[in-house]
Amino acid sequence: MKNNKENIKLTKKNLVLKIFLINHIKKEYINWLNDKKVVKYTEQRFLKHNESSVKKFVSKNLNSKKNYLFGIYFKKKHVGNIKLGPINRKSKKSDISYIIGKRKLWNKGIATNSISMVSSFAFKVLNLKTLRAGSYLSNIGSIKVLKKNGFVFSKFSTKNNKKTIFLVKMRN
């Protein structure tokens, strides 16, 4: 069954975010998810990924009314993903999470711009009021990216023996 969310596409210069589909899965993407440096600060580090597990994840998000999983494309190449969800429509809140798999493109503003684009979509199109992101305290780069996008401190937590900071952004 065709889902109208499949047609969502956000664009800014050389950066395109589009709903990530099953046929977008490539070996390189699976390799990112198994790369210890790429997933160092994510819960994915505890899992071993294969084509089947990734297809299941992508399909689950594609069919969900609470999640939007976008592929991040820089100069027409898939370089990462950003997820909005789960969305709580009643409270108009959502989490946001992201990963840049192409390590040579780290620190190039791709995550910063992707968060900006998804935040704008969440507030203007979905009419959400609050976005929340969690980051291990040791992931300085991710915290900087969130702060650049107007996210502010919300609380600390400990998960899997790692201190986590939660930041939020409210709609203007």
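Please refer to the structure placed before this passage.
All of the points below concern the structure found in this document.

Here is what the cut-offs are and how they apply
- Residues numbered from 1 in each chain as written.
- Predicted model: local features only at pLDDT ≥ 70, side-chain atom pairs only at ≥ 80, totals over all residues.
- Heavy atoms only, no water.
- Pairing = 2+ DSSP bridges.
- Helix = DSSP H or I, 4+ residues; strand = E, 2+ residues; numbered from the N terminus.
- Axes fitted to C-alpha atoms, helices over the stretch in contact; angles between N-to-C directions.
- Buried < 20%, exposed > 50% of the residue type's maximum accessible area, 1.4 Å probe, protein only.
- Arc of directions from axis to C-beta.
- Contact = heavy atoms within 4.5 Å.
- Salt bridge = Lys/Arg side-chain N within 4 Å of Asp/Glu carboxyl O.

1. Looking at the sheet that holds strand E3 (residues 68-74)
At step 1: In space, the eight strands of this open sheet follow the order E1-E2-E3-E4-E5-E6-E8-E7, with mixed pairing throughout. The open sheet has two edge strands with one neighbour each: strand E1 (9-12) and strand E7 (152-159). When strand polarity is set aside, the average angle formed by the axes of neighbouring strands in this sheet is 25 degrees.
At step 2: Bridge analysis of strand E4 (residues 77-88) against strand E5 (residues 93-100) gives seven bridges, and the strand direction is antiparallel. Across the sheet, asparagine 81 pairs through a bridge with isoleucine 99, a residue of E5.

2. Looking at helix H4 (residues 140-148)
Helical periodicity: at 3.6 residues per turn, an α-helix aligns residues three or four positions apart in one direction.
At step 1: Listed in full, the buried residues belonging to H4 are Ser142, Ile143, Val145 and Leu146. The arc that holds the buried residues of H4, viewed along the axis, is 160 degrees, so those residues lie on one side. For H4, the exposed residues lying more than 90 degrees away from the buried face are Lys144, Lys147 and Lys148.
At step 2: On its buried side, H4 packs onto E5, helix H3 (110-125), strand E6 (130-136) and strand E8 (162-170).

3. Quick look at the pattern of salt bridges
At step 1: In the structure shown here, the tally under the stated rule is four salt bridges.
At step 2: Between glutamate 28 and lysine 102 there is a salt bridge, with its nearest N and O atoms 2.7 Å apart. Separated by 74 residues along the polypeptide, glutamate 28 in helix H1 (residues 27-33) and lysine 102 in the loop between E5 and H3 bring together distant segments of the chain.
At step 3: The exposure class of lysine 102 is buried, given its relative accessible area of 17%.

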